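# Observations on chain architecture
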Amino acid sequence: MSEQSSALKAAPNSPNSASGSGRQEPGGFLSGANPDDNFVQVVNVVKKFGETTAVRGVNLSVRKGELFALLGSSGCGKSTLLRMLAGLESVTEGQILIDGEDLAQMPPYRRPVNMMFQSYALFPHMTVEANVAFGLKQEGVKGGELKDRVQNALKLVQMDKYAKRKPHQLSGGQQQRVALARSLVKRPKLLLLDEPMSALDKQIRQRTQIELVNILDTVGVTCIMVTHDQEEAMTMANRLAVMSEGQIVQLGTPHQVYEYPNTRFSAQFIGSTNLFDGHVVEDEPDHVFVETPDLPVRMYVNHGITGPLGMPVTISVRPERIALMRKPPEGSYNWGRGKVSNIAYMGGYTLYHVTLDSGKTVVANLSSLAIGEIDSPTFDDEVYVRWSASAGVVLTS
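The sections below set out a description of the structure shown in this document. (Residues numbered from 1 in each chain as written. Predicted model: local features only at pLDDT ≥ 70, side-chain atom pairs only at ≥ 80, totals over all residues. Heavy atoms only, no water.)

### Here we look at unusual backbone geometry
For Arg187, which is not glycine, the phi dihedral falls at a positive 55 degrees. Structurally, the position occupied by Arg187 is in the loop between α5 (172–184) and β9 (190–194). (Helix = DSSP H or I, 4+ residues; strand = E, 2+ residues; numbered from the N terminus.)

### Focus on the nonpolar core
Counting residues in each nonpolar core, the largest one holds 46 residues, and the members touching the most others are Val132, Leu154, Leu180, Leu184, Leu191, Leu193 and Leu216. Those residues in contact with Leu180, other than ones at most four positions away along the chain, are Met116, Val157, Leu191, Leu212, Ile215 and Leu216. Grouped together as the second largest cluster of nonpolar side chains are 28 residues, Phe68, Leu81, Val113 and Leu190 included. (Core = buried A, V, L, I, M, F, W, Y, C linked by side-chain atoms within 4.5 Å. Buried < 20%, exposed > 50% of the residue type's maximum accessible area, 1.4 Å probe, protein only. Contact = heavy atoms within 4.5 Å.)

### Observations regarding the pairing of strand β11 (residues 239–244)
Burial of β11 is extensive: six of the six residues sit out of reach of the surface. The alternating pattern of β11 places Arg239, Ala241 and Met243 and Leu240, Val242 and Ser244 on opposite faces, both of which are buried. As defined by bridge partners, strand β5 (residues 67–71) adjoins β11 across four bridges and the pair is classed as parallel. In the sheet register, Leu71 faces β11, and the bridge partner there is Val242. (Pairing = 2+ DSSP bridges.)

### Observations concerning the state of the cysteines
Going through the model one piece at a time under the given rule, you end up with zero disulfides. With no disulfide of its own, Cys76 lies closest to Cys223 among cysteine sulfurs, the gap being 17 Å. For Cys76, a relative accessible area of 3% corresponds to the buried category. (Disulfide = S-S within 2.5 Å.)

### Focus on the sheet that holds strand β3 (residues 40–49)
The sheet built from four strands is open, its strands ordered β4-β3-β6-β7 with antiparallel pairing. Of all the strands in the sheet, the pair left with one neighbour each is β4 (52–62) and β7 (101–102). With two bridges connecting them, strand β6 (residues 93–98) and β7 associate as antiparallel partners. Each bridged residue has a counterpart across the sheet, and for Leu97 the counterpart in β7 is Asp102. Together, β3, β4 and β6 form the strand contacts of helix α2 (residues 78–86), whose direction differs from that of β3 by roughly 115 degrees. (Axes fitted to C-alpha atoms, helices over the stretch in contact; angles between N-to-C directions.)

### Regarding the environment of Asn342
As for its placement among the helices and strands, Asn342 is situated in strand β18 (residues 335–345). Its relative accessible area of 34% is what places Asn342 among the partly exposed residues. Separated by 61 residues in the primary sequence, Asn342 and Val281 place their C-alpha atoms 33 Å from one another. Beyond its immediate stretch of four places on either side in the chain, Asn342 contacts Leu351, Tyr352, His353 and Phe379.

### Considering helix α3 (residues 128–138)
When α3 is considered as a whole, its buried residues turn out to be Val128, Asn131, Val132, Ala133, Gly135 and Leu136. Residues of α3 that are buried make contact with α4 (143–156) and α5. Phi turns positive, to about 90 degrees, at Gly140, one or two residues after α3.

### As for the pairing of strand β10 (residues 222–227)
In terms of burial, β10 is a largely internal element, six of the six residues being buried. Of the two faces of β10, both are covered, the one formed by Thr222, Ile224 and Val226 as well as the one formed by Cys223, Met225 and Thr227. Strand direction decides the pairing type here: β9 and β10, joined by five bridges, are parallel. Along β10, the bridge assignment pairs Leu192 with Ile224.

### Looking at the packing of aromatic side chains
Summed over the entire model, instances satisfying the criterion amount to six aromatic pairs. Ring geometry for Phe289 against Tyr300: centres 4.9 Å apart, planes inclined by 20 degrees, an arrangement best described as stacked. Residue Phe289 is located in strand β14 (residues 287–291), and its partner Tyr300 is located in strand β15 (residues 299–301); the two are separated by 11 residues in the primary sequence. The class for Phe289 is buried, based on a relative accessible area of 18%. In this arrangement the basic side chain of Arg298 is found over the ring face of Phe289, its NZ or CZ atom lying 5.9 Å from the centre. Lying across the ring of Phe276, Lys360 places its NZ or CZ 5.3 Å from the centre. (Phe/Tyr/Trp six-rings, centres within 6.5 Å; stacked < 30°, edge-to-face > 60°. Lys NZ or Arg CZ within 6 Å of the ring centre and 35° of its normal.)

### A word on the pattern of salt bridges
Oppositely charged side chains can form a pair if their charged atoms are brought close together. What the rule picks out here adds up to 15 salt bridges. Ionic pairing is found between Glu66 and Arg63, a salt bridge with its closest N-O pair at 3.3 Å. The pair formed by Glu66 and Arg63 is uniform in burial state, with each residue classed as buried. Between Glu89 and Arg83 there is a salt bridge, and its shortest N-O distance comes to 3.5 Å. (Salt bridge = Lys/Arg side-chain N within 4 Å of Asp/Glu carboxyl O.)

Written out as structure tokens, the structure is:
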């Protein structure tokens, strides 16, 4: 590890992979051999503003060194939860603990927490160097230590060459790096990021996501970020929590949440999906058959649900799991016939909208290679959609 990253280090690098270690307990807490699994704990937290409940009994545990994302649409409670962690909002009920320490009676300026705001909040009249040094000066850090810590922080984010510039002389991406350096230089136990990429255009945002993850991994700081951008959360986070109406509706790794949504909301909010409503006609430990008015055949999913026959369910099938065919498929499940009603060329792939005989529209995501293999269907062409038994996920809520 470089000298500058050692000087900033607030916690050891997480030993966990993106999938993490330990076993998920109800309420989002983790059990396992690693005592750092519950480094940040949110316990039955409620936040009310008058008669309005913004956060409803949230339980959450974040590992030491983890980059955790709170994902949801505007008004879901994610920013309120972040502000309670920072101490900018009080907790109505429940507890928030960091490294075993209860933050309830601790004012914001004493918490081992630093927050990087969406607007970056840099002082326009100060140089880059002075912006980064500001928080340390407030804490009484002086002389050589102040200079070294500021210099190391700027080196870490590759902004040491711009130390004498002022914020208006920097690009949006450079301003973000300065704001990050200012947050990390105080060596917080927990770093909070509020929509960290929202001010950047798409091309810069994609590059900066990777850079930011690498910096945070080098420092080893525990980080919780808030975003409404699904791609951002999927790209950056070790784990994420999907929030709706003040509650966590699903928690897991990006792969778990995307591939195995537990509700219609999660399935639709994370990426895009095709939803088929129907009822259970056969349920076994290793498969389930569902009849739906949207298809001429049954739907077959290779996992059971332990539900009664006739139970209403929804099957989620991601667009990239759907194949197009010119000829009727073999087999008696998981296919439908229709006509191409819309085509959206996306560069690396093409989205085909197929209106089935039942009137339902199914979206298929096809690569250029797959399109070539079926002779490039165009508007109003008759095609068949098909997917495998492993492509569907049964949703009961």
